[in-house]
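Residue-level structure breakdown
If you want the building blocks of each chain, they are given just below.
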Amino acid sequence: LCKWGKLTKAIDLVNEMTDKKITPNHITFTILIDYHCKAGMIKEAEELFIDMQNRNLKPTNFTYMSLLHGYNKVGNRSKMFSAFENLVERGIEPDELIYSMMIGAYFKEGHLEKGFKLWDLALDKGLLDGLTNETLVETLSGNGEISRVMELLDRIGNQGYNPCLAMCSTLIHG
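Residues numbered from 1 in each chain as written. Predicted model: local features only at pLDDT ≥ 70, side-chain atom pairs only at ≥ 80, totals over all residues. Heavy atoms only, no water.

**Concerning the packing of helix 4 (residues 61-73) against helix 5 (residues 77-89)**
The condition that has to hold: Comment: axis = line fitted to C-alpha atoms, over the contacting stretch for helices; angle = value between 0 and 180 degrees taken between N-to-C directions. Helix and strand labels come from DSSP, where a helix needs a run of H or I of at least four residues and a strand needs a run of E of at least two; each type is numbered from the N terminus. An angle below 35 degrees is read as roughly parallel, one above 145 as roughly antiparallel, one from 65 to 115 as roughly perpendicular, and any other as oblique. Note on convention: the crossing is left-handed when the near helix lies turned anticlockwise from the far helix by less than a right angle, right-handed when the turn is clockwise. Residue contacts are counted whenever heavy atoms from the two residues lie within 4.5 Å of one another. Three categories are distinguished: nonpolar for Ala, Val, Leu, Ile, Met, Phe, Trp, Tyr, Cys and Pro, charged for Asp, Glu, Lys and Arg, and polar for the others, with Gly belonging to the last.
Interhelical geometry of helix 4 versus helix 5 gives an angle of 165° and a closest axis separation of 8 Å. If you check the angle between helix 4 and helix 5, you find them roughly antiparallel. For the pair helix 4 and helix 5, the sense of crossing is left-handed. Here Asn61, Tyr64, Leu68, Tyr71 and Asn72 of helix 4 come into contact with helix 5, specifically with Arg77, Lys79, Met80, Ala83, Phe84, Asn86 and Leu87. In terms of residue class, the contact of helix 4 with helix 5 is built from seven nonpolar, three polar and two charged.

**Thoughts on the packing of aromatic side chains**
Rule in force here: The aromatic pairing rule takes the rings of Phe, Tyr and Trp, using the six-membered ring of Trp, and pairs them if the centres are within 6.5 Å, calling planes under 30 degrees apart stacked, those over 60 edge-to-face and the rest tilted. Relative accessibility decides the category of a residue: with a 1.4 Å probe and only protein chains considered, values under 20% of the type maximum give buried, values over 50% give exposed, and everything between is partly exposed. Definition used: whenever NZ (Lys) or CZ (Arg) falls within 6 Å of the ring centre and also within 35 degrees of the ring normal, the charge is taken to sit over that ring.
As enumerated under the stated definition, the model contains four aromatic pairs in all. Taking the centre distance of 6.2 Å and the plane angle of 85° together, the rings of phenylalanine 116 and tryptophan 119 count as edge-to-face. A residue pair is termed a helical-turn pair when its members lie 3 or 4 positions apart in one helix, as phenylalanine 116 and tryptophan 119 do in helix 7 (residues 112-124) at three residues. You can call phenylalanine 116 buried: its relative accessible area is 7%. Tryptophan 119 gets classed as buried once you look at its relative accessible area, which sits at 0%. Feature note: the residues Phe107, Phe116 and Trp119 constitute an aromatic cluster, connected by ring pairs. For the cation-ring pair, lysine 38 lies above tyrosine 35, with the distance from its terminal atom to the ring centre recorded as 5.1 Å.

**Some details on the environment of lysine 114**
For lysine 114, the location among the structural elements is in helix 7. On the accessibility criterion, lysine 114 (47% relative accessible area) is partly exposed. The spatial distance from the C-alpha of lysine 114 to the C-alpha of isoleucine 103 is 8.0 Å, given a sequence separation of eleven residues.

**Things to note about the packing of helix 3 (residues 42-54) against helix 4**
Helix-helix packing: each pair is described by the crossing angle between the helix axes and the interaxial distance. Across the interface, helix 3 lies against helix 4 with an axial gap of 10 Å and an inter-helix angle of 155°. The angle between the axes of helix 3 and helix 4 places the two elements in the roughly antiparallel class. Pair helix 3 / helix 4 crosses with left-handed handedness. Mapping the contact onto sequence places Ile42, Ala45, Glu46, Phe49 and Met52 in helix 3 and Thr63, Tyr64, Leu67, Gly70 and Tyr71 in helix 4. When grouped by side-chain class, the residues that make up the contact of helix 3 with helix 4 number seven nonpolar, two polar and one charged.

**Observations regarding the pattern of salt bridges**
Short version of the rule: Salt bridge criterion: a side-chain nitrogen from Lys or Arg within 4 Å of a carboxyl oxygen from Asp or Glu.
Enumeration over the complete set of coordinates arrives at six salt bridges. With a shortest N-O distance of 3.5 Å, glutamate 47 and lysine 43 are connected by a salt bridge. On the criterion of helical spacing, the pair formed by glutamate 47 and lysine 43 is a turn pair, its members being four residues apart in helix 3. For glutamate 47, a relative accessible area of 43% puts it in the partly exposed group.

**Let's talk about helix 7**
Cut-off, in case you're wondering: Multiplying 1.5 Å by the helix residue count minus one yields the expected span of that helix. The arc refers to the directions leading from the helix axis to the C-beta atoms.
Between its terminal C-alpha atoms helix 7 stretches 18 Å, which fits the 18 Å expected from 13 residues at 1.5 Å a residue. Turning to helix 7, its buried residues are Leu112, Gly115, Phe116, Leu118, Trp119, Ala122 and Leu123. For helix 7, the angular spread of the buried residues around the axis is 165°, confining them to a single face. Projecting away from the buried face of helix 7 at angles above 90 degrees are the exposed residues Glu113, Lys117 and Asp124. A positive phi of about 70° marks glycine 126, the residue just after helix 7.

**Topic: the environment of glycine 40**
With respect to the helices and strands, glycine 40 occurs in the loop between helix 2 (26-38) and helix 3. Along the chain, glycine 40 and tyrosine 71 lie 31 residues apart, while their C-alpha atoms are 8.6 Å from each other. Not counting the four nearest positions on each side in its chain, glycine 40 is found in contact with Lys73 and Val74.

Listed below in C-alpha cells is the structure:
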C-alpha cells in the first residue's frame, strides 16, 4: 500500500491488525515511517515513531535513517541533529549512509567542527564513501578553507582513498 501512496489505507490496516490482536512489529512501523518521510509527512512519521516506542518496539538504523532523511528533506536540520543524537544515545551504530548524511548536514549548516569530529569517527571505522569526501572538499573549497582541504586530502590518502576527478576539479575550481 505504501509503495502506491496509499498511506492512510496502510495506517487503517495496521489499526485493523491491532484490533484483531495482531501486533505490528518494528519492520511494519519502519516501513510506515519511511514512506511518510518520503511523502514529506514528517509530523505523521514522528507520531508513528512515538507509537512504535510506546509499543516497546525498538527503532533500527533504517528507522532512524528514514527520519533523518525526512528531516533533511523538509529542511529541519535541528530535528535532524536531535534525532541523530538520540540514535547515538540509544547505542545504535550509525552506518555509512547515516554518517554521510550527517557529515554533509553539519558542514552545510556551518558546524565544521562537529562535521570533522564525525568525519574522523567514520574514517576511523572505515565508513566513508567518495561522495562524503567530495562534499567536504566542495564545502571547504567554497569557503576558501584550502589548508583544511589539503589536510583532508592528506588524511584520506593515508587511509587508502584516492581523490577522484570530480574532487580534483572542485579543488582546482576553488
